[in-house]
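Coordinate inspection notes
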Amino acid sequence: MQSTVENVSPTQAKIDLEIPFADLKPFIDRTYKSLANQIQVPGFRVGKVPAKLIEQRVGYEFVVENALNEAMDTFFQQALAEHQLTPIAQPQLEVSQQPTAEDREADTKAVIEVTVRPEIELPDYKGLKVEVEARTAGDEDEQKALDELRSRFGTLKTIDRPAAEGDFVALDLQALIDDEEVDAANDLSYEVGSGTMLEGMDEAVTGLSADEDATFVTKLAGGEHSGQEATVKVKVTAVKERELPEADDDFAQLASEFDTIEELRGDLKKQAADSVVVEQGVEARDKVLEQLVGLVEVEVPESVIKEQIDQHFNNPNADADHDTPEHRSEVEENAKSAFRNEVILDAVADKEELGVEQSELIDYIISTSQQYGMDPNQFAQMLDGSGQAGMMVGEVRRRKALAKVLEQAEVVDTDGNKVDLSAFVTPAGAEDAAEDSAEAEASEEK
């Protein structure tokens with residue numbers, strides 16, 4: 001087989017294939033054998049029908065078409081490997097010449113148009129400068145964390161006063177549309193100010209005491225009348241406030257692995273400081289990526305955009321009301337941004353010669369499965385079953401590439417102070433693992 005490639009654009013390549021009949025013949029022979037097992041001819045056993053009789057039944061062109069259907073992927077993959085092309089969309093095939101009944105041993109000629117990743121030239125990304133918001137962890141952060149921990153172990157106590165923000169109310173609800181009841185519920189528990197129920201609920205119940213009621217108009221958020229405007233009547237049946245346990249040694253032993261409240265406070269203080277590093281790290285990471293992407297021109301193939309839009313709006317669970325020009329434009333921009341990020345970070349990963357360890361894949365599976373509320377093993381099986389294992393490896397590798405760029409960046413806060421993000425870039429345990437690996441390699445060399 002001979003193949004030549006013409007780069008039509010940075011993301012489009014045209015492959016011309018010329019396949020000698022001798023290369024196609026093994027596939028034609030296999031097609032004859034397959035058809036011999038499917039066609040029944042009196043006087044011949046299954047699988048023993050001669051080629052001439054098969055041609056009389058289906059025609060030589062039918063045999064050739066089936067052979068080409070099987071063979072073209074093999075020849076296509078050979079051409080991709082020969083020219084080091086990586087397709088990112090379904091190729092388009094056009095056969096211009098093939099064997100026929102008149103010219104049974106003609107060569108096959110075909111053109112394949114394929115969308116490929118654009119080649120990019122990485123800029124010098126070492127020393128990118130970004131500024132993040134100045135943040136510090138103070139006593140108030142430690143106290144806030146302690147109060148949140150205490151609230152988990154708090155108890156609700158019924159009180160005789162109007163409901164205020166932070167209180168819990170027991171309430172009955174009735175929703176009406178055109179004076180007809182469409183929904184109702186009793187003895188619901190709701191934290192005032194949380195905003196987790198209907199819009200307008202917080203304003204309605206604030207200031208109500210037990211056995212008092214209010215009426216407000218809102219849009220329903222669930223059920224068959226979701227999105228419709230309704231009149232909601234709410235009656236408060238009880239007002240409760242959370243009583244927090246004393247912050248003492250007994251509480252520390254109840255709520256943590258520490259024996260004293262001072263030890264617990266010390267740990268919460270460290271967690272608050274770690275949170276500051278994470279917040280600054282996330283901000284710096286996003287700004288570094290934005291700056292890096294701004295330095296590189298990446299052409300985004302139309303096929304990639306179309307595929308993302310089709311997947312988004314052809315989803316059976318998608319809300320038809322969201323298919324608007326504005327939303328389509330948003331999805332298109334997100335698809336372009338994601339593609340640019342992927343191409344650039346893959347190039348960084350190649351340049352830095354980054355690989356992916358098994359432990360890193362496990363960490364990714366655990367963290368991502370938690371976001372979806374799934375068991376890690378089930379999540380891993382789902383990815384493997386849907387053929388997305390390669391996607392998972394690529395995502396982890398790109399995360400490492402971005403971390404490498406951030407590691408080499410200059411990060412300062414809005415006060416002009418240098419920000420140390422080494423703990424964010426190299427998570428706890430990763431540095432030790434790298435040292436252990438280096439020591440093991442050195443031992444093997446000895």
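Throughout, a residue's number is its position along its own chain's written sequence, starting from 1. Since the coordinates come from a predicted model, pLDDT governs what is reported: local features require at least 70, and pairs of side-chain atoms require 80 or more to be given and counted, while whole-chain, interface and lining totals use all residues. As a rule here, side-chain values cover all heavy atoms of the structure and leave hydrogens and water aside.

The name an unreviewed UniProt entry assigns to the protein chain is Trigger factor, from the organism Kocuria subflava. UniProt positions are given in the numbering used here, feature names are shortened, and annotations may be inferred rather than shown by experiment. Database annotation for the protein chain, UniProt heading Catalytic activity (unreviewed entry): "[protein]-peptidylproline (omega=180) = [protein]-peptidylproline (omega=0)". According to the UniProt record, the Function (unreviewed entry) comment for the protein chain is "Involved in protein export. Acts as a chaperone by maintaining the newly synthesized protein in an open conformation. Functions as a peptidyl-prolyl cis-trans isomerase."

Tracing the chain through its elements places Ile88 in the loop between α3 (60–83) and β3 (92–97). Accessibility here uses a 1.4 Å probe with only protein chains present; expressed as a share of the type maximum, an area under 20% marks a residue as buried, one over 50% as exposed, and anything in between as partly exposed. Here Ile88 falls in the partly exposed class, since its relative accessible area comes to 23%. Taking C-alpha positions, Ile88 is 9.3 Å from Pro301, a pair spaced 213 residues apart along the chain. Throughout, a contact is declared for two residues whenever any of their heavy atoms are within 4.5 Å. Residues contacting Ile88, with those up to four places away along its chain left out, are Thr115, Val116, Arg117, Pro301, Val304, Glu307 and Phe339. The secondary structure listing takes helices from DSSP runs of H or I that are at least 4 residues long and strands from runs of E that are at least 2 residues long, numbered from the N terminus.

What follows deals with unusual backbone geometry. Despite not being glycine, Asp179 has its phi angle at roughly 65°, a positive value. For Asp211, which is not glycine, the phi dihedral falls at a positive 75°. With respect to the helices and strands, Asp211 occurs in the loop between α5 (201–205) and β9 (212–219).

The source of the domain bounds is an automatic or database domain assignment. You can read the domains of the protein chain as domain 1 (2–115), domain 2 (155–243) and domain 3 (255–438). The C-alpha centroid of domain 3 is placed 43 Å from the C-alpha centroid of domain 1. Every contact between the two is made by six residues of domain 1 and, on the other side, six residues of domain 3. Values labelled buried area give the accessible surface lost by two parts on being combined, using a 1.4 Å probe and summing over both. Overall, the association of domain 1 and domain 3 removes approximately 420 Å² of surface from exposure, summing both partners, and the carbon and sulfur fraction of that is 63%. Here, a salt bridge means any Lys or Arg side-chain nitrogen found within 4 Å of an Asp or Glu carboxyl oxygen. Summed over the shared surface of domain 1 and domain 3, the number is zero salt bridges. Identification of polar contacts relies on pairs of N or O atoms within 3.5 Å, with a donor-acceptor requirement for protein atoms, meaning one able to donate a hydrogen and the other able to accept it, and with residues adjacent in sequence counted only if both atoms are side-chain atoms. For the pair domain 1 and domain 3, the interface holds one residue pair in polar contact (both at pLDDT 80 or more). Residues are grouped as follows: nonpolar covers Ala, Val, Leu, Ile, Met, Phe, Trp, Tyr, Cys and Pro; charged covers Asp, Glu, Lys and Arg; every other residue, Gly included, is treated as polar. For the side of domain 1 that touches domain 3, the class distribution of residues is three nonpolar, three polar and no charged.

The rule is short: rings of Phe, Tyr and Trp, with Trp giving its six-membered ring, pair when the centres are within 6.5 Å, and they are stacked under 30 degrees, edge-to-face over 60, tilted in between. This model, assessed by the stated rule, comprises three aromatic pairs. Note on Tyr372 and Phe379: the rings are 5.9 Å apart at their centroids and 20° apart in plane angle, and the pair reads as stacked. In this arrangement the basic side chain of Arg104 is found over the ring face of Tyr60, its NZ or CZ atom lying 4.0 Å from the centre. A positively charged side chain is recorded as over a ring if its NZ (Lys) or CZ (Arg) lies within 6 Å of the ring centre. The angle to the ring normal must also be within 35 degrees. Across from the ring centre of Phe313, 4.4 Å away, lies the NZ or CZ of Arg328, which sits over that ring.

Where strand β2 (residues 12–19) meets strand β4 (residues 108–115), eight bridges bridge the pair, whose relative direction is antiparallel. In the strand pairing of β4, Lys14 is matched with Glu113. Strand pairing follows a simple DSSP-based rule, namely that at least 2 bridges must link the two strands.

Here we come to the nonpolar core. Generally speaking, soluble globular proteins have nonpolar side chains that are buried together. Definition used in this section: a nonpolar core is a set of buried Ala, Val, Leu, Ile, Met, Phe, Trp, Tyr and Cys residues joined via side-chain atoms within 4.5 Å. In this structure, Val288, Leu292 and Val411 are the most contacted members of the largest nonpolar core, which totals 33 residues. Elements with a contribution of two residues or more to this core: β5 (129–132), α7 (261–294), α8 (302–313), α9 (325–352) and α12 (389–407). In terms of residues, this core owes the most to one element, α9, which gives seven residues. If sequence neighbours within four positions are ignored, Val288 has contacts with Leu128, Val130, Leu402, Val405, Leu406 and Ala409. Formed by 31 residues, the second largest nonpolar core is a distinct cluster that contains Phe27, Ala36, Ile39 and Phe76.

Turning our attention to the packing of helix α10 (residues 358–371) against helix α11 (residues 376–385). It is at 9 Å that the axes of α10 and α11 come closest, and there the two elements cross at 100°. Considering their axes alone, α10 and α11 lie roughly perpendicular with respect to each other. Mapping the contact onto sequence places Ile365, Ile366, Thr368 and Ser369 in α10 and Pro376, Phe379 and Ala380 in α11. Class assignment of the residues belonging to the contact of α10 with α11 gives a composition of five nonpolar, two polar and no charged. Axis angles are defined between N-to-C directions and span 0 to 180 degrees, where every axis is a line fitted to C-alpha atoms and, for a helix, only to the segment in contact. Any angle from 65 to 115 degrees is called roughly perpendicular, while one under 35 is roughly parallel, one over 145 is roughly antiparallel, and all others are oblique.

Here we take up the UniProt feature "domain: Trigger factor ribosome-binding bacterial" (unreviewed entry) in the protein chain. Mapped onto the present numbering, the UniProt feature "domain: Trigger factor ribosome-binding bacterial" (unreviewed entry) falls at residues 1–149. Secondary structure within residues 1–149 divides into 40% helix and 23% strand; the distance between the first and last C-alpha atoms comes to 70 Å.

Let's shift gears to the packing of helix α1 (residues 21–36) against α3. Contact geometry of α1 with α3 gives a least axis separation of 8 Å together with a crossing angle of 120°. Of the possible angle classes, the one that applies to α1 and α3 is oblique. In the packing of α1 onto α3, the handedness of the crossing is right-handed. Between α1, through Phe21, Asp23, Leu24, Phe27, Ile28, Arg30, Thr31, Tyr32 and Leu35, and α3, the contact on the second element is made entirely by Tyr60, Phe62, Val63, Val64, Asn66, Ala67, Leu68, Glu70, Ala71, Thr74 and Phe75. What makes a crossing left-handed is the near helix being turned counterclockwise from the far one by less than a right angle; a clockwise turn instead makes it right-handed.

With that settled, the discussion passes to the pattern of salt bridges. The full count for this structure, using the stated rule, is 25 salt bridges. In this structure, Asp147 and Arg150 form a salt bridge, with 3.1 Å as the shortest nitrogen-oxygen distance. Note that Asp147 and Arg150 are positioned in helix α4 (residues 139–152) at a spacing of three residues, about one turn of the helix. On the basis of relative accessible area, Arg150 is assigned to the buried category, the value being 15%. Residue Asp274 is joined to Lys270 by a salt bridge in which the shortest nitrogen-to-oxygen separation is 3.0 Å. Of the two residues, Asp274 and Lys270 are both situated in helix α7; the distance of four residues between them amounts to about one turn of the helix. Residues joined by salt bridges that share partners form a network here, namely Glu133, Arg135, Glu279, Glu283 and Lys287.

Turning to the sheet that holds β3, a few remarks are in order. Reading across the sheet, the four strands line up as β1-β2-β4-β3 and stay open at both edges, with antiparallel pairing between neighbours. Strand pairing shows two members of the sheet lacking a second neighbour, β1 (2–9) and β3, which therefore form its edges. Strand-to-strand twist in this sheet, taken as the mean axis angle between neighbours without regard to direction, amounts to 20°. Bridge count for β3 against β4 is five bridges, and the pairing is antiparallel. Bridge assignment links Glu94 to a residue of β4, and that residue is Val111. Packing of α3 onto the sheet brings it into contact with β1, β2, β3 and β4, and relative to β2 it is tilted by some 120°.

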